[in-house]
Amino acid sequence: MKKQKLLSILLTGIMVFSFVGCTGNGPAPDVPDVPGDIEEPPAESWELPEVNWGDGLFDGKTLIDDHFEDEEPFVWGTYSNGGTFTLYTENGEMVADIENAGNLDYSCQLYRDDYELNQDGVYEISFTIRSDIDRLMQWRFQINGGDYHAYYMEDQVPIGPKPKRIVSTFTMKEETDPAPRFCFNLGIFDGMDSSTAHKVYIDDFNVTLKDSSNAKAAPEEKGPVALKVNQVGYKPGDIKKVVLASKDRIDTFSICDASTNEVVYTGNFAEEYVMSTNGDGKTFTGDFSDFKTEGKYYISAEGIEDNSYTFSIANNVFDDVAKATVRMLYLQRCGCEVTKELGGKFAHDVCHNTDAKIYGTNDYIDVSGGWHDAGDYGRYVVAGAKTVGDLFLTYEDCSNALGDDYDIPESGNGIPDILDEARYELEWMLKMQADNGGVYHKITCAVFPGTVMPDKETDELIVCPISTTATGDFAAVMAKAARLYKKYDADFANKCLDAALKAYAYMEANAEADEVGFINPSDISTGEYLDDHNTDEFIWAAVELYLTTADSNYLPVIRDLTDKTFRAGLGWADMGEYAMYDYLKVKGMKEEPVINSANIPEDGSEAVPTEEEIKAFYDALDDNDYIRIKFTEKMYLFASTAMENSTTDPYFSSLRIYPWGSNMTIANNGILYRMMYNLTGDKIYNEYARYQIDYLLGVNPVAYSYVTGFGDHAAEHPHHRPSQAKGSAMPGMLVGGPNSAPADPYAIKVLANKVNGGCYVDNDTAYSINEITIYWNSPLIYLLQMYK
C-alpha cells in the first residue's frame, strides 16, 4: 500500500496558512442548516461532473476538482482546536486520521481555499465521503475572516463505512467573495466519544458554477487616485509636496478651497520624473511649501480625472491624530474596565483577570494588566518592551509630548500621560518576572479567540516559558524606567531598577547558552515572536543599566558585545538602535580616525597601516571611546542605507521590498532619521523624518491613510477583534501596510498582480496586510508628537 503523507497535525491549536481558524460558530440566520439534495445511487453508477476550466463566468465552470491522486498538488489545509489528527492521501483518497475529536465541532477541520463565489451564482458541490465509524459531520462555505459566518452549510450530516456521494446546490446570496473558504468540520458531534480513534475518507471533490445567469462578477478594481497628499495635512511652515502618478507629463497643479472649489494657488511639477518600483509607473513631484494659508483644500491637475483627497493646513493639524494614536494604547488595555466615558463604543468589562497557569506546572500567578498586543488578546513582553521603548524616546525627545490631557484614567495627575500609559504596561511586565530573574515570554490562551470583545475570551490563561530575549528587553526598559520615573515616583523607580538588575543577572548566566530563542510549546498556537539572536537585547540592557547606575563595570561587557554581530534596529527582534542612540545621546558621537588605506594620500606620503597597527590602535582605546566609535559607525551605516532609498523613492519610502508590518519599518526609519538629526544636526535627516509621516497618511502608491479614522481614504477594515466585533474601526490605529509577500489567503488572491508598495488591501481577513499592533503605533506616536 503506497501512502503519501502530506501534513501531520498532532498538536492542539495549530493551523496551516492562517493565524485564525474557522470558528465554526454556526451559520448566519438565513443560512440553511439541514441536509440538502443528497444523492446515494449505487457506487458503480456515480458520474463525476464534467471538468470545464476557464476565465470569466459561464454555466458549468469548474472551480475545484480534486481527486487526491499522487501526481496532483495537494492544496488542502488543516486547523485543530483541541483535536488531534493527521491528514494525508492514500489510494486516491484524502484521509483524516483522527486520534481525538476534541470538544468542538470544528476541533478537527479540513479546509480548501483558492476559488471565488459570485453573488447570485448557483453552485453545485459534490464529493464522496465515508468513515470507519458511524458519526455526524458538517460542511460549509464561509467567509474566511471576521465572524467566519457560513454562506451555506449542511450540518449533522450522517456518514459511516458505506461511501456516500453528496451532491448539493446552493445560491450565493451575499456579495461576491474573491477568497472564501470551504470547511469539513470533523470534530465532536452528538453521540460520539471524542477519544474514539477513526478515519474519514474523502474523494472526488468538485465545485461547479451551475447557473451564471445572475452571477455578479467582482467589481472592477478602481486604481488609486493619481494625486497623493498627506490626507491629514500640513503645518503652515512644513515642506509640502504632492506626488502625481501619470504616464503623461503634467506641467502644473492647482490647490482649490474645499468649500468653494476656488483655485487659491498654482504650482509646477518637477520636470524630471521618477520611475516607481510599485507598479504605478512615472511619478512627478510638486512642491507647494510656500503656500501657508490655513484652511481645507484639495489638489487638481488638468488632464487628471480625480482630484486629490482633501487635506488641511493648520498649526494644530496633527493634534487629533497624535492624541488618538496614544489613546489606542488605553483602548488596548487588559485586566481593567474600559469605561463608556473614556472608551465609547469600545468600552468593555474587566477582561483576563483570572490567575494564569505557568506552563508545565500546576502553579498559578496573577499576570493581569498590560496591553493587548494586536488584533488578538495576547500579551507579549518583547512587543511591549519595544512599545515602551518608543514611548520613552517620545518623552525624552519630544517637548510636545508632555501633555496630561489625553483622556485616559490617569489624566490630570501631574504626570505626562505618555509615562502614565507606559507605566500601565510596566506594572504588568513586573508580574512576568520569575523568582530566578528570568522573564516569561508571553501570556495567552492556547489558541486565538473568535471575533469577540476581550471580556468574552474566557479560556484558561497560560504563562509561557522564560526567554532570554524577553528578559533582556525587560532589563533594558526597567533600567530606563528607573531614570525617567525617579522625579515622579522614587519608590516605583527603585522597584524597576531592582527588577532590571535581577533580570540582567539572569542574562549574564543564560544568554550565551540560548541559541534557539523562544519556541511555542507544542499545544500553544498563539503568536510566537521567535528571535534566536539575543545579543541586541543583552547590549540594550547593559547600556541602560550603565546610564542609570554609572557603574563602569558594564562598559567592558558593552565593548565585548559591540564586537559581536547584533541586530541594530528598532523592532521587537532588533533592539540595537535603542542602545546605541541612548549611549551616544549622553556620550556623543565619535567618528573613526584616519587609520585605513582609503584615506592615504595618492602620493604615498603616508604608509598604509598594517592590520596589527590597526588592532593596536583600537586595543589602546578606553572602553568609552571604543564604544562611541563603533556605535557611531553603525548608526551612520544603517541611516545611510535607509536614506539612499528615501532620497530616490517618489514617496520618500525607506523600503524597496515591503515586509510584513512594513508601516512599522517606515515609522522606525523616521525615528532613525530624527535620531541622526538630534546627534548630528544635519537637516536632511529632519526633512526625511517628517516625510515618513506623509507616507503613512497618504503619500504612498495606493493613496491610503494607513491610520484608521484619519483621512478621506483611510483604512477602515483592520484585522482587529474589537473593531470587527463592533463593526467599525477603532480610531488611531496604524495598520501593517503593504506586504511584498502576502501570507493570508485573501491577500494572496487579490494582490496576485501587485508589487512592493502596491501590495495593500483594506480587508479584515487580510491579517498579513491589515492587522494592527501596539508596537506599530508606538513609532508613529514618536513622529506625530515630534512634528505636531
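Please read these numbers as outputs of a predicted model, since none were measured by experiment.

Caption draft 1: Layout of the environment of Gly-711. Along the polypeptide, Gly-711 turns up in the loop between helix 13 (683-696) and helix 14 (721-726). Linking Gly-711 and Arg-674, residues 37 residues apart in sequence, is a C-alpha distance of 25 Å. Those residues in contact with Gly-711 that sit more than four places away from it in its chain are Gln-231 and Ser-705.

Caption draft 2: Expanded view of the packing of aromatic side chains. What the rule picks out here adds up to 48 aromatic pairs. Taking the centre distance of 5.2 Å and the plane angle of 55 degrees together, the rings of Phe-253 and Phe-269 count as tilted. You can see Phe-253 sitting in strand 16 (residues 252-257) and its partner Phe-269 sitting in the loop between strand 17 (263-268) and strand 18 (274-275), a full 16 residues away along the chain. Judged on exposure class, the residue Phe-253 and its partner Phe-269 are both buried. Aromatic pair Tyr-704 and Tyr-760: ring centres 4.9 Å apart, planes at 65 degrees, arrangement edge-to-face.

Caption draft 3: Representation of the sheet that holds strand 11 (residues 181-185). Taken in spatial order, the 5 strands of this open sheet run 3-6-11-8-9, and their pairing is antiparallel. Edge positions in the sheet fall to strand 3 (76-80) and strand 9 (150-159), since each has one partner strand and no second. When strand polarity is set aside, the average angle formed by the axes of neighbouring strands in this sheet is 20 degrees. Here 4 bridges tie strand 6 (residues 108-112) to strand 11, and the two strands are oriented antiparallel to one another. The partner of Leu-110 across the bridge, within strand 11, is Phe-184.

Caption draft 4: Representation of the side chain of Asn-756. Relative to the assigned elements, Asn-756 resides in the loop between helix 15 (745-750) and helix 16 (767-770). Its relative accessible area of 15% is what places Asn-756 among the buried residues. Side-chain polar atoms of Asn-756 contact the side chain of Ser-740, separated by 3.5 Å. Residue contacts for Asn-756: discarding those within four places in its chain leaves Thr-277, Asn-278, Arg-656, Ile-657, Tyr-658, Pro-738 and Ser-740.

Caption draft 5: Representation of the packing of helix 12 (residues 662-680) against helix 17 (residues 774-787) in the model. Between helix 12 and helix 17, whose axes approach to 8 Å, the crossing angle comes to 40 degrees. By the angle class used here, helix 12 and helix 17 are oblique. Between helix 12 and helix 17 lies a crossing whose hand is left-handed. Seen from helix 12, the contacting residues are Met-664, Ala-667, Asn-668, Gly-670, Ile-671, Arg-674 and Asn-678; seen from helix 17, they are Tyr-775, Trp-776, Pro-779, Leu-780, Tyr-782, Leu-783, Met-786 and Tyr-787. Partitioned by chemical class, the residues of the contact of helix 12 with helix 17 number 11 nonpolar, 3 polar and 1 charged.

What counts and what doesn't
- Throughout, a residue's number is its position along its own chain's written sequence, starting from 1.
- Per-residue local features of the predicted model are confined to residues with pLDDT of at least 70, and side-chain atom pairs are confined, for both listing and counting, to 80 or more; whole-chain, interface and lining totals are unaffected and use all residues.
- Heavy atoms from the whole structure form the basis of all side-chain values; hydrogens and water molecules are not counted.
- We count a stretch as a helix when DSSP gives it H or I for four or more residues in a row; a strand needs E for two or more, and each element gets its number in order from the N terminus.
- Residues are treated as being in contact if the distance between any of their heavy atoms lies within 4.5 Å.
- Two rings from Phe, Tyr or Trp (for Trp, the six-membered ring) form a pair when their centres sit within 6.5 Å of each other. Planes less than 30 degrees apart are called stacked, planes more than 60 degrees apart edge-to-face, and all others tilted.
- When a residue's accessible area, from a 1.4 Å probe over protein chains only, is under 20% of the maximum for its type it is buried; when over 50% it is exposed; and in between it is partly exposed.
- Strands qualify as paired when DSSP identifies two bridges or more between them.
- The axes used here are C-alpha line fits, helices contributing only the stretch in contact, and every angle between their N-to-C directions lies in the interval 0 to 180 degrees.
- Pairing of N or O atoms within 3.5 Å defines a polar contact, subject to two protein rules: one partner must be a possible hydrogen donor and the other a possible acceptor, and residues neighboring in sequence count only if both atoms are side-chain atoms.
- Any angle between 65 and 115 degrees counts as roughly perpendicular, while under 35 counts as roughly parallel, over 145 as roughly antiparallel, and the rest as oblique.
- Handedness of a helix crossing follows the sense of rotation of the near helix relative to the far helix, less than a right angle counterclockwise being left-handed and clockwise being right-handed.
- Note on residue categories: nonpolar means Ala, Val, Leu, Ile, Met, Phe, Trp, Tyr, Cys or Pro, charged means Asp, Glu, Lys or Arg, and polar means any other residue, Gly included.

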